[in-house]
Amino acid sequence: MYVIRRVGVFAFSVFAASVLVFTVMSILPGDPAQVMLGTQATPEAVDALRTELGLDRSLPVQYLDWASGAVRGDLGTSPFSGQDITPQIIDRLKVTIPLAVMAMALTILISFPLGVYAAARHRRFGDNVVSIVSQLGLAVPAFWAGLLLVTVFAVGYRWFPASGFPGWDVSVWQSLKSLFLPSVSLAIVQSAIITRYVRSAVLETLREDYIRTARSKGLTRSAALWRHGLRNAAIPVLTILGLQFAALTAGTVVIESVFVLPGLGKMLLDGITRRDLPLVQGGAFTIAVLILGLNLAVDLTYRLIDPRVSEQ
Amino acid sequence: MTGRAPSAETPRTERRRSRWRRLNLGLGLGIVLTVIVVALISFVWTPFDPEHIDASKRLLGVGEQGHLLGTDQFGRDLFSGIMVGARTALFVGILAVGIAVMIGIPIGGFAAARRGWVEDVVMRASDVVYAFPPVLLAILLVAAVSPGTGSAMVAIGIAYVPIVARVTRGAALSVFQLDFVSAARSYGRGNAYIFVRHVLPNIASVLIVQMTILFALAILAEAALSFLGIGTQPPTPSWGRSLRDAQTFLQLSPRLAIWPGVAIAVTVLGFNLLGDGLRDALDPRLEVRRT
């Protein structure tokens, strides 16, 4: 029952997101027909093309046309390049998804040990140090971190490329290398956030009765923490990781610009500057579906690992 | 090592905690006031004209020819630019948070007061917007209008509406259950009156903390949008846009990429510390959204 309802909510959200994206894009000034023909075109030619593209139809009809294509995985054609949008987006995802996954992996690698350590040293020196570091991490804009990393490790030491992406089929190693600095920039900010959540989640479980029971049967503090605390703390942390993955997607838009990576975010931004409306629409909708799908996955996983989650 | 659970407070940790809390609050307040004062001073005085271009003074180093932080690629004084940039940052924060609060609080309050299907519709709608990262939403909204400080502020503000609405609703729900609300109802007060007169004062601390954090997030968002070239436009100085310009000169003068970033980070740190300090002082159990 829960699963069905949750999937229903997902479907509704995707529908709502598609309406939202379509509406926002419809307000956009700039006529795709005009963009295709350039400023020199005669009004008659523009009108003819508008008719051909179906832009003279009412907005609900245009929406239905676009949405029925989107359901079949066809997001239309870019008036700017004349190419199909869906294959372009898939191409771009090959950069953005590895970037986001790498950033998330780094985030987990940094924030889990720090958060658990801070909780174990609650209100002692180590906890305060972690708290100061995460406070600084929260204040640093990811794109600035990126600029500084480029300055030191690309311009200064030349260990990593400052920008660009060779492509997976050219060189997997070089591609991974060019994603490294961008994912570190994203991970700095994310780690600051996640560390705080891990810390408070672990602290929360350490207050539970079963920890006291474990301690009273002779487990040391750290043994009780490892055996019972961490597994229980994992549940709220997982939820936050899912939410933060969405924030990470927004982060990639900015970071891809810093490192000139051919990802979805860069495509979106280029589309905006070129007024390539259908491309922006398709890209934004793809991101929305990714985020909503991820939230769905988190909620369902949540239920799998924690049977206590009741039907509410 | 004692056998206590870590949450149990000994007098010593309690003392340490309150000292720590005051440090957060004091430092945050100090930074925020400094930024405000700098922004105000920049209206009447800056060491140099921040927009004055002088080709003979291009890319001066720190302290050269009286330029405290040196000059940029056009010979403009960096320190003056950063002073004026504080105005933009604060202005954006005030307006974005103002818009978010002005729309979000009534929506959240309405949902909490009415319950039932009204609440469901309002909250489902806000869930959808909430699923979008605010910065991404702001980028799309700015694209829908036109680049500039004005549209960036409005876009950031609108993107934060669901956050404010959720926080307001969550906090207001429990207050609406309290006896003094029933009392007010019993002598005929309407929902709007009850919300403003009785509920709002009781959830003010939650909202103030969330607003302070949103202020920090708005400054970060404006910096990101301006860095992407769709936020503040020249000649209005913006820390984010300075960093965009600096990126072009990274090989030649990496120094340019440092100071505007420091300005952003310190300001954001100040608001975050202030928010955390206020939370600890007002209601330590509060959860605040940070992205």
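So, how was this worked out
- Residue indices begin from 1 for each chain and proceed along its sequence in written order.
- Written order decides the labels, with chains lettered from A and ligands numbered from 1.
- Confidence filtering applies because this is a predicted model: local features only for residues at pLDDT of at least 70, side-chain atom pairs given and counted only at 80 or more, and all residues used for totals across whole chains, interfaces and linings.
- What counts as a helix is a DSSP run of H or I of at least four residues, what counts as a strand is a run of E of at least two, and both are numbered from the N terminus.
- A pair of residues counts as a contact when their C-beta atoms, built from backbone coordinates, are within 7 Å of each other.
- Our exposure labels follow a C-beta count within 10 Å of each residue's own C-beta, placed from the backbone: buried means 20 or more other C-beta atoms, exposed means 12 or fewer, and partly exposed covers the counts in between.
- Note on terminology: a nonpolar core is a set of buried residues of type Ala, Val, Leu, Ile, Met, Phe, Trp, Tyr or Cys, with members joined through C-beta atoms within 7 Å.
- The start and end points of each domain follow an automatic or database-based domain assignment.
- In this analysis an axis means a line fitted to C-alpha atoms, helices contributing only their contacting stretch, and an angle means the value between N-to-C directions, from 0 to 180 degrees.
- If an angle is under 35 degrees, it is roughly parallel; if it is over 145, roughly antiparallel; if it lies from 65 to 115, roughly perpendicular; otherwise it is oblique.
- For a crossing to be left-handed, the near helix must be turned anticlockwise from the far one by less than a right angle; the clockwise case is right-handed.
- Gly falls in the polar group here, along with every residue not listed as nonpolar (Ala, Val, Leu, Ile, Met, Phe, Trp, Tyr, Cys, Pro) or charged (Asp, Glu, Lys, Arg).
- Residue-level confidence of the predictor is what pLDDT reports, using numbers from 0 through 100.
- One fewer than the residue count of a helix, multiplied by 1.5 Å, yields its expected span.
- The angle separating two fitted axes, one through the seven residues that finish at a residue and one through the seven that start at it, defines the bend at that residue.

On a plain count of helices and strands, chain A comes out with twelve helices and zero strands. In chain A, the succession of α and β elements from N to C terminus is α-α-α-α-α-α-α-α-α-α-α-α. Seen through its C-alpha atoms, chain A measures out along the principal axes to roughly 85 × 55 × 35 Å. Pairs at least 24 apart in sequence give 69% of the contacts found in chain A among residues at least 6 apart.

The next thing to look at is the overall build of chain B. A count of helical and extended segments in chain B gives nine helices and zero strands. For chain B, the α and β elements follow one another from N to C terminus as α-α-α-α-α-α-α-α-α. Burial status across chain B gives 45% buried among its 291 residues. Of all intrachain contacts in chain B linking residues separated by at least 6 positions in sequence, the fraction that spans at least 24 positions is 70%.

This brings us to the nonpolar core. Taken as a class, soluble globular proteins show a tendency for nonpolar side chains to be buried jointly. By size, the foremost hydrophobic cluster in this structure holds 156 residues, and its most contacted members are B:A138, B:I139, B:I156, B:L214, B:A218, B:I219 and B:A224. Among the elements that line this core, the one with the most residues is helix α7 (residues 191-227) of chain B, at 21 residues. Each of domain 1 (2-71) and domain 2 (96-262) of chain A accounts for three or more of the residues forming this core.

Before going further, it helps to spend a moment on the packing of helix α4 (residues 134-144) of chain B against helix α5 (residues 149-176) of chain B. Residues and elements named next belong to chain B. At a closest axis distance of 8 Å, the pairing of α4 and α5 adopts a crossing angle of 135 degrees. Comparing the axis directions of α4 and α5 gives the class oblique. Two packed elements cross with a definite hand, and for α4 against α5 that hand is right-handed. Two secondary-structure elements touch here, α4 through P134, L137, A138, L141 and V142 and α5 through S151, A152, A155, I156, I158, A159 and Y160. In terms of residue class, the contact of α4 with α5 is built from eleven nonpolar, one polar and no charged.

Here the focus is the packing of helix α7 (residues 142-156) of chain A against helix α10 (residues 221-258) of chain A. Residues and elements named next belong to chain A. For the pair α7 and α10, interaxial distance at closest approach is 9 Å and the crossing angle is 30 degrees. The angle between the axes of α7 and α10 places the two elements in the roughly parallel class. Read as a crossing pair, α7 and α10 show a hand that is right-handed. Residues A142, F143, G146 and L147 of α7 form the contact with α10, whose participating residues are G251, V254, I255 and V258. Looking at the contact of α7 with α10, its residues break down into six nonpolar, two polar and no charged.

Another point: the interface of chain B and chain A. Chain B puts 42 residues into the contact, and the matching count from chain A is 48 residues. Going through the elements one at a time, α1 (11-44), α3 (116-131), α4, α7, α8 (239-248) and α9 (259-282) of chain B are the ones with two or more residues in the side of chain B that touches chain A. Partitioned by chemical class, the residues of the side of chain B that touches chain A number 30 nonpolar, eight polar and four charged.

Here the focus is the confidence of the model for chain A. Taken as a whole, chain A shows an average pLDDT of 84; of its residues, 96% reach a score of 70 or greater. Mean pLDDT per element in chain A: helix α2 (residues 32-37) of chain A is the minimum at 68, and helix α5 (residues 85-120) of chain A is the maximum at 91.

As a further point, take the domain arrangement of chain A. Examined at the domain level, chain A breaks down into domain 1 (2-71) and domain 2 (96-262). Placing a centre on the C-alpha atoms of domain 1 of chain A and another on those of domain 2 of chain A gives a separation of 38 Å.

Before going further, it helps to examine helix α2 (residues 78-114) of chain B. The α-helix advances 3.6 residues per turn, and as a result positions three or four apart in sequence lie on the same side. All names here are of chain B. The end-to-end C-alpha separation of α2 is 53 Å, in line with the 54 Å expected for 37 residues at 1.5 Å each. At G104, α2 is deflected by roughly 25 degrees, the largest bend along its length, and proline P106 occurs up to four residues later in sequence. Just downstream of α2, R115 is the residue with a positive phi angle, here 50 degrees.

Further remarks concern the environment of A:V101. Relative to the elements of secondary structure, A:V101 occurs in helix α5. C-alpha separation for the pair A:V101 and A:F245, spaced 144 residues apart in sequence, amounts to 8.7 Å.

Looking now at unusual backbone geometry. Excluding glycine, most residues fall at negative phi; most peptide bonds, likewise, are trans. Residues and elements named next belong to chain A. The backbone phi angle of R158 is positive, close to 60 degrees, even though this residue is not glycine. Inspection of the secondary structure assignment puts R158 in the loop between α7 and α8 (172-206). When the 9 C-beta atoms within 10 Å are taken as the criterion, R158 is described as exposed. Although it is not a glycine, V260 adopts a positive phi angle of roughly 45 degrees. Within the fold, V260 resides in the loop between α10 and α11 (264-274).

We now examine the environment of A:G156. Checked against the element boundaries, A:G156 lands in helix α7. Along the primary structure A:G156 and A:I194 are separated by 38 residues, whereas in three dimensions their C-alpha atoms are 30 Å apart.

Attention shifts here to the confidence of the model for chain B. Residues and elements named next belong to chain B. Residues with a pLDDT of 70 or more make up 88% of chain B, whose mean pLDDT is 83. Note on residues 1-8: pLDDT is under 50 here. Beyond four places in sequence and across chains, it has eleven contacts. Among the prediction metrics, the complex's ipTM stands at 0.84, with pTM recorded as 0.86.

Turning our attention to the environment of B:R76. Residue and element names in this part refer to chain B. With respect to the helices and strands, the residue R76 is situated in the loop between α1 and α2. Residue R76 is classed as buried on the basis of its C-beta count, with 21 C-beta atoms lying within 10 Å. For the pair R76 and V97, spaced 21 residues apart in the sequence, the C-alpha separation amounts to 31 Å. Not counting residues up to four positions away in its chain, the partners in contact with R76 are P50, E51, H52, I53, T71 and G81.

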